[in-house]
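Residue strings, one per chain:
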Amino acid sequence: MKSGELKYQDYKYGFTTDIENIKAPKGLSEETIKFISKIKNEPKWMLDWRLKAFNRLKVIKEPNWQKPKYPKIDYQDLYYYSAPKSMKDKPKSLDEVDPKLIETYNKLGIPLNEQKKLSGVAVDAVFDSVSVATTFKGELDKKGIIFCPISEAIQKHPDLVRKYLGSVIPITDHYFATLNSAVFTDGSFVYIPPNTRCPMELSTYFRINASETGQFERTLIIADKGSYVSYLEGCTAPMRDENQLHAANVELVALDDAEIKYSTVQNWYPGDKDGVGGIYNFVTKRGACRGKNSKISWTQVETGSAITWKYPSCILQGDNSVGEFYSIAITNNYQKADTGTKMIHLGKNTKSKIISKGISAGKADNTYRGLVDINSKAFNSRNYTQCDSLLMGNKCGAHTVPYIKNKNSSSTVEHEATTSKINEDQLFYCNQRGLNQEEAVSLIVNGFCKEVLQQLPMEFAVEAQKLVSISLEGSVG
Amino acid sequence: MLQLQNLRASVNDKSILNGLNLNIKAGEVHAIMGPNGSGKSTLANILSGKNGYEVTGNLKYEGKNLQDIPIEERAQKGIFLAFQYPLEIPGVNTTNFLKTSLNTIRKAKGQKELDTLSLLKLIKDKASELNIDEKFLSRQLNVGFSGGEKKKNEILQMKLLEPKLAILDETDSGLDIDALRIVADGVNSHKNENNAFLIITHYQRLLDYIKPDFIHVLSNGKIVKTGCADLGQELEKTGYENFK
């Protein structure tokens, strides 16, 4: 059998919802920022914060050290806010939400209404620049857990937001983080009170719908002393010939003895098989293990986007704190990824673990870039890094760029890396046991990714496995 | 069941099989013996459909042209190859692999897929017949298995998949005497009037346990002599020198 004859699987989430939008004036300006702040009814401190970021933005430049290059983005030719008109009057309950929006999420497999909602998972659904609905609010309220759109948190919980927003990713951090700080629209806010274990998975589903629009998501999660939360985000977008920008900032704060588990299943539109269109996924994610014995664990399954450029990182401030990064990055056709993590060890006895699985197929390019930085005061700290790359075919690339700084002689850093090609003999073995080419590839690749897949919450692990297989369909030739 | 006429095969213009003829009927056990490099493994690979060979000749399996059948369909139609070097697939659980394979083949045969419980029971039963430790079923497929464990795992798969034509490519090499006897028992218990075996081996010793109906001597890509079980003993004494 010629495996090259496999069909290219169309992107399942590529539809567009036809809906009337309210948009900010095109382009990046003070007016745009004031428009966003006003429509969200923000207090003055928030607008001032945004404008401070905007002033900073005027004097800094986009970074350009990354491997995947892209055509210059015209920031004046973008919309920075787009929301369904029907959301303007802030629907009080799901009954008042435009049925077209509910239908969109049904089609994406995320039912929002009470009868059908996913069991054991509370969902915040973000559509372009607004949050459409948040499920299970009542049950979470009872435990004192706050899970709401960040725009709502700014109004209802200003003390928490002011204390923590920008405390992990300063507004001066780098171009895209600063841009996000100036124009961010919506995202989720989570606060888990002390000694509380969040009883269900919290999840945000991001959907880009409008064209010529950037999505600037902002998420802030705070786990107070002795608390635990597991959070998952999912992302999809319509199929379009244009490249769309998604520049998110995600900040996590874990206080003493707290744990945050943050999982991402990123399936933005990757572009077509000739590399036309797709999302630029330029995201800043950072977590601070601020308290002693705290833990932050990032798990990401990155299968979508034309370009993925992100390094979910951990700042291990508290003594005995733990940072983990589990990543699967799959690039097919002309997709590019430059992803990895930064583990900054500041406290004593801090530990970090990095497991990265990169898979390249077609003409794609996949880079792992990571920093392990052990400070002079981080006594007895440890890092273990394992980077495995799998190549399919002979036109794709895999690169590993680890940076290691160890300023403490009592600390140890381990790095292991492998690169392999998908093995024809393994495929033959599976074929000989009755599996066709696609089933065989799926089996082998899922085996390769297993250490990371098993970190995902159970509700999503099966979906992620399927996604891994679908992303690679037609890639063995 | 299987008819091969004038089978010729080459890799990169180097010819390996040079006009091989072989007929296998249901209920028969055939052994192929021959020196290193005589084309034994190539024959096994071609029957199971491995890519990379230039193949000509008239090859029929159950009346159909073998060359037209893709690898996985050959497996689904009952051709099984016990690999000389079973492949390691990291991260893939052995039980899961057996499950996927068995259910794929059952589905292709029009049989009902087995639910997890009955599957587990079936796998455990067959494994214990082969004296395979249950722990080994939860390990990654062939990863870190000893040579003997890998070979037993091949026979376990054969017993589960119940092929019509089982090809054993040097399954005896790397086995100690006890494992050899267990593997042979596995083959003998699977044998019936509806299936057939093609056993590729260097040595007579496996044939002490599995009685072949025919022994063929393969040399320079051709069958140069066919005989009954006694031929094996003769070869053990005289070697392949006379057939080169």
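Along each chain, residue indices are assigned from 1 in the same order as the chain's sequence is written. Lettering of chains starts at A and numbering of ligands starts at 1, both following the order in which they are written. For a predicted model such as this one, the threshold for reporting local features is a pLDDT of at least 70, and the threshold for listing and counting side-chain atom pairs is 80 or more; totals across whole chains, interfaces and linings nevertheless cover every residue. Processing note: side-chain calculations cover all non-hydrogen atoms of the structure and skip hydrogens and water entirely.

Draft legend 1. Broad picture of the overall build of chain A. Each helix and strand counted, chain A has 11 helices and 24 strands in total. Whereas a compact globule of 477 residues would reach a radius of gyration of roughly 23 Å, chain A reaches 22 Å, a difference of no more than 12%. With the principal axes as the frame, chain A shows a C-alpha extent of 65 × 55 × 50 Å. Counting all 477 residues of chain A, 63% fall into the buried class. The criterion used for residue contact is that any of the two residues' heavy atoms lie within 4.5 Å. Put simply, 83% of the contacts in chain A that link residues at least 6 apart link residues at least 24 apart. Counting every atom, chain A has about 18300 Å² of accessible surface; 49% of that belongs to carbon and sulfur. Charge counting treats Lys and Arg as positive and Asp and Glu as negative, with His and both chain ends excluded. Where a charge lies is defined by one atom per residue type: Lys uses NZ, Arg uses CZ, Asp uses CG and Glu uses CD. Distance from the positive charge centre (61 side chains) to the negative charge centre (55 side chains) of chain A: 4 Å. Put simply, DSSP marks the helices as runs of H or I at least four residues long and the strands as runs of E at least two long, and each gets a number from the N terminus on. With C-alpha atoms as the basis for the radius of gyration, the globule rule is written as 2.2 Å multiplied by the number of residues raised to the power 0.38. The rule is simple: take the accessible area with a 1.4 Å probe, protein chains only, and divide by the maximum for that residue type; under 20% is buried, over 50% is exposed, in between is partly exposed. All accessible areas in this document rest on Shrake-Rupley with a 1.4 Å probe, and a residue is counted as covered only by the protein chains that are shown.

Draft legend 2. The arrangement of the overall build of chain B in detail. Scanning chain B from terminus to terminus reveals 8 helices and 12 strands. A globule of 244 residues ought to have a C-alpha radius of gyration of about 18 Å, and chain B, at 18 Å, matches this closely. Along the three orthogonal principal directions, the C-alpha set of chain B runs to about 55 × 40 × 35 Å. Here chain B holds 244 residues, and 54% of them are scored as buried. In chain B, once contacts between residues fewer than 6 apart in sequence are set aside, the share between residues at least 24 apart is 70%. As presented, chain B carries roughly 11000 Å² of accessible surface, and 45% of it is formed by carbon and sulfur atoms. Between the centroid of the 32 positive side chains of chain B and the centroid of its 30 negative side chains there is a distance of 2 Å.

Draft legend 3. How the structure looks around the pairing of strand 18 (residues 336-339) of chain A. Strand pairing is assigned whenever DSSP identifies at least 2 bridges connecting the two strands. Here strand 15 (residues 307-310) of chain A runs beside strand 18 of chain A; their pairing, made up of 4 bridges, is parallel. Bridge pairing in strand 18 of chain A links A:Ile307 to A:Lys336.

Draft legend 4. Spotlight on the packing of helix 3 (residues 94-108) of chain B against helix 4 (residues 116-129) of chain B. Residues and elements named next belong to chain B. Interhelical geometry of helix 3 versus helix 4 gives an angle of 110 degrees and a closest axis separation of 11 Å. By the angle between their directions, the pair helix 3 and helix 4 is classed as roughly perpendicular. Of the residues in helix 4, those in contact with Thr 95, Leu 98, Lys 99, Leu 102 and Asn 103 of helix 3 are Thr 116, Leu 119, Leu 120, Leu 122 and Ile 123. Residues are grouped as follows: nonpolar covers Ala, Val, Leu, Ile, Met, Phe, Trp, Tyr, Cys and Pro; charged covers Asp, Glu, Lys and Arg; every other residue, Gly included, is treated as polar. Classifying every residue of the contact of helix 3 with helix 4 gives 6 nonpolar, 3 polar and 1 charged. Axis geometry follows a simple rule: fit a line to the C-alpha atoms, using only the stretch in contact for helices, then measure angles between N-to-C directions, giving values from 0 to 180 degrees. Orientation is classified from the angle alone, with under 35 degrees giving roughly parallel, over 145 giving roughly antiparallel, 65 to 115 giving roughly perpendicular, and any other angle giving oblique.

Draft legend 5. Representation of the interface of chain B and chain A within the structure. Listed by partner, the interface residues are 31 residues for chain B and 18 residues for chain A. Accessible surface is computed with a 1.4 Å probe, and the buried area is the amount of it that two parts give up when combined, taken over both parts together. The junction of chain B with chain A conceals about 2100 Å² of combined surface from both sides, 65% of it contributed by carbon and sulfur atoms. Of all residues in chain B, the largest losses of buried area upon contact with chain A belong to B:Glu72, B:Phe83 and B:Leu87, amounting jointly to 25% of the total for that side. Within this document, salt bridges are pairs made up of a side-chain nitrogen of Lys or Arg and a carboxyl oxygen of Asp or Glu, the two lying within 4 Å of each other. At the junction of chain B and chain A, the tally comes to 2 salt bridges. One salt bridge in this structure joins B:Lys50 and A:Asp425, with 3.1 Å as the shortest N-O distance. We call two N or O atoms a polar contact when they sit within 3.5 Å, provided that within protein one can donate a hydrogen and the other can accept it, with sequence-adjacent residues counted only if both atoms are side-chain atoms. Remark: the boundary between chain B and chain A carries 12 residue pairs in polar contact (both at pLDDT 80 or more). Going through the elements one at a time, helix 1 (40-48), helix 2 (71-76), strand 6 (79-82), strand 7 (89-93), helix 3 and helix 5 (147-161) of chain B are the ones with two or more residues in the side of chain B that touches chain A. For the side of chain B that touches chain A, the class distribution of residues is 17 nonpolar, 10 polar and 4 charged.

Draft legend 6. Up close: the packing of aromatic side chains. Residues and elements named next belong to chain A. The aromatic pairing rule takes the rings of Phe, Tyr and Trp, using the six-membered ring of Trp, and pairs them if the centres are within 6.5 Å, calling planes under 30 degrees apart stacked, those over 60 edge-to-face and the rest tilted. Counted according to the given criterion, the structure contains 20 aromatic pairs over all chains. Ring plane angle 40 degrees and centroid distance 6.0 Å describe the contact between Trp 65 and Tyr 311, whose orientation is recorded as tilted. One end of the pair, Trp 65, is in the loop between helix 2 (44-59) and strand 2 (82-84); the other, Tyr 311, is in the loop between strand 15 and strand 16 (313-316), with 246 residues separating them in the sequence. The buried category is assigned to Tyr 311, whose relative accessible area is 15%. Pairwise contacts between aromatic rings join Trp 65, Tyr 70, Tyr 75, Tyr 175, Phe 176, Tyr 280, Phe 282, Trp 309 and Tyr 311 into one cluster. A ring is considered to have a charge above it if a Lys NZ or an Arg CZ atom is located within 6 Å of its centre and within 35 degrees of its normal. Positioned over the ring face of Phe 184 is Arg 50, at 4.1 Å from the centre of the ring. For the cation-ring pair, Arg 197 lies above Tyr 228, with the distance from its terminal atom to the ring centre recorded as 4.0 Å.

Draft legend 7. Structural view of the pattern of salt bridges. Applying the stated criterion across every chain, the model contains 29 salt bridges over all chains. Put simply, A:Arg286 and A:Asp173 hold a salt bridge, and the shortest N to O gap is 2.8 Å. Here A:Arg286, found in strand 13 (residues 278-289), pairs with A:Asp173, found in the loop between helix 6 (158-164) and helix 7 (175-183); they are 113 residues apart in sequence, far enough to count as distant. Across the pair B:Lys150 and B:Glu88 runs a salt bridge whose closest N-O atoms are separated by 3.2 Å. Here the residue B:Lys150 occupies a position in helix 5, and B:Glu88 occupies one in the loop between strand 6 and strand 7, the gap between them amounting to 62 residues. Judged by relative accessible area, which is 16%, B:Lys150 ranks as buried. You can call B:Glu88 partly exposed: its relative accessible area is 35%. Several salt bridges share partner residues, and in doing so they unite A:Lys137, A:Glu152 and A:Lys156 into one network.

Draft legend 8. Just the pairing of strand 7 of chain B, in detail. Residues and elements named next belong to chain B. Most of strand 7 sits inside the fold, with 4 of its 5 residues counted as buried. Here strand 7 pairs with strand 8 (residues 140-141) via 2 bridges, running antiparallel. Looking at strand 8, one finds that Asn 93 is bridged to Gln 140.

Draft legend 9. Representation of the confidence of the model for chain A within the structure. Counting all residues, the mean pLDDT for chain A is 88, and 96% of those residues have values of 70 or more. For every residue, the pLDDT score states the predictor's confidence, bounded by 0 at the bottom and 100 at the top. Below a pLDDT of 50 lies the segment residues 1-8 of chain A, which in the model reaches 16 contacts outside its immediate sequence neighbourhood of four places, other chains included.

Draft legend 10. Layout of the sheet that holds strand 7 (residues 201-207) of chain A. Residues and elements named next belong to chain A. Read from one edge to the other, the open sheet built from 10 strands follows the order 4-3-7-9-12-14-17-20-22-24, with strand pairing classed as mixed. Edge positions in the open sheet fall to strand 4 (130-134) and strand 24 (412-421), since each of these has one partner strand only. Strand after strand, the sheet turns through a mean of 10 degrees between neighbouring axes, direction not considered. Pairing of strand 3 (residues 121-127) with strand 4 involves 4 bridges; the strand directions are antiparallel. Each residue of the ladder has a partner; that of Phe 127, found in strand 4, is Val 130.

Draft legend 11. The packing of helix 5 of chain B against helix 6 (residues 177-190) of chain B, seen in detail. Residues and elements named next belong to chain B. Running from amino to carboxyl end, helix 5 crosses helix 6 at an angle of 10 degrees, the nearest separation of the two axes being 10 Å. By the angle class used here, helix 5 and helix 6 are roughly parallel. Taken together, the residues of helix 6 that come into contact with helix 5 (itself represented by Lys 152, Ile 155, Met 158 and Lys 159) are Ala 179, Ile 182, Val 183, Gly 186, Val 187, Ser 189 and His 190. Here the contact of helix 5 with helix 6 is composed, by residue class, of 6 nonpolar, 3 polar and 2 charged.

Draft legend 12. Looking closely at the nonpolar core. Nonpolar cores are built from buried Ala, Val, Leu, Ile, Met, Phe, Trp, Tyr and Cys residues. Side-chain atoms within 4.5 Å join them into one set. One finds A:Leu179, A:Phe189 and A:Leu245 to be the most contacted residues of the largest nonpolar core, which totals 86 residues. Here this core takes 8 residues from helix 2 of chain A, the largest share from any one element. For A:Leu245, the contacting residues outside a window of four places in its chain are A:Ile73, A:Tyr75, A:Leu78, A:Leu179, A:Thr213, A:Gly214, A:Gln215, A:Phe216, A:Tyr280 and A:Phe282. One finds A:Leu427, A:Ile444, B:Ala44 and B:Leu66 within the second-largest nonpolar core, a separate group that totals 61 residues.

Draft legend 13. Examining the sheet that holds strand 12 (residues 222-227) of chain B more closely. All names here are of chain B. In spatial order, the strands read 6-9-10-3-11-12; together these 6 strands make up an open sheet with mixed pairing. Two strands bound the open sheet, and with one partner strand each, they are strand 6 and strand 12. Recorded for the sheet is a direction-independent mean angle of 20 degrees between the axes of neighbouring strands. Sheet topology note: the strand 11 (residues 214-219)/strand 12 ladder contains 5 bridges and is antiparallel. Across the sheet, Leu 218 pairs through a bridge with Ile 223, a residue of strand 12. Here helix 8 (residues 230-238) sits on the sheet in contact with strand 3 (29-33), strand 11 and strand 12, set at roughly 40 degrees to strand 11.

Draft legend 14. Focus on the environment of B:Glu73. Among the structural elements, B:Glu73 can be located in helix 2. Between the C-alpha atom of B:Glu73 and that of B:Gly49, which follows or precedes it by 24 residues, the distance is 9.8 Å.

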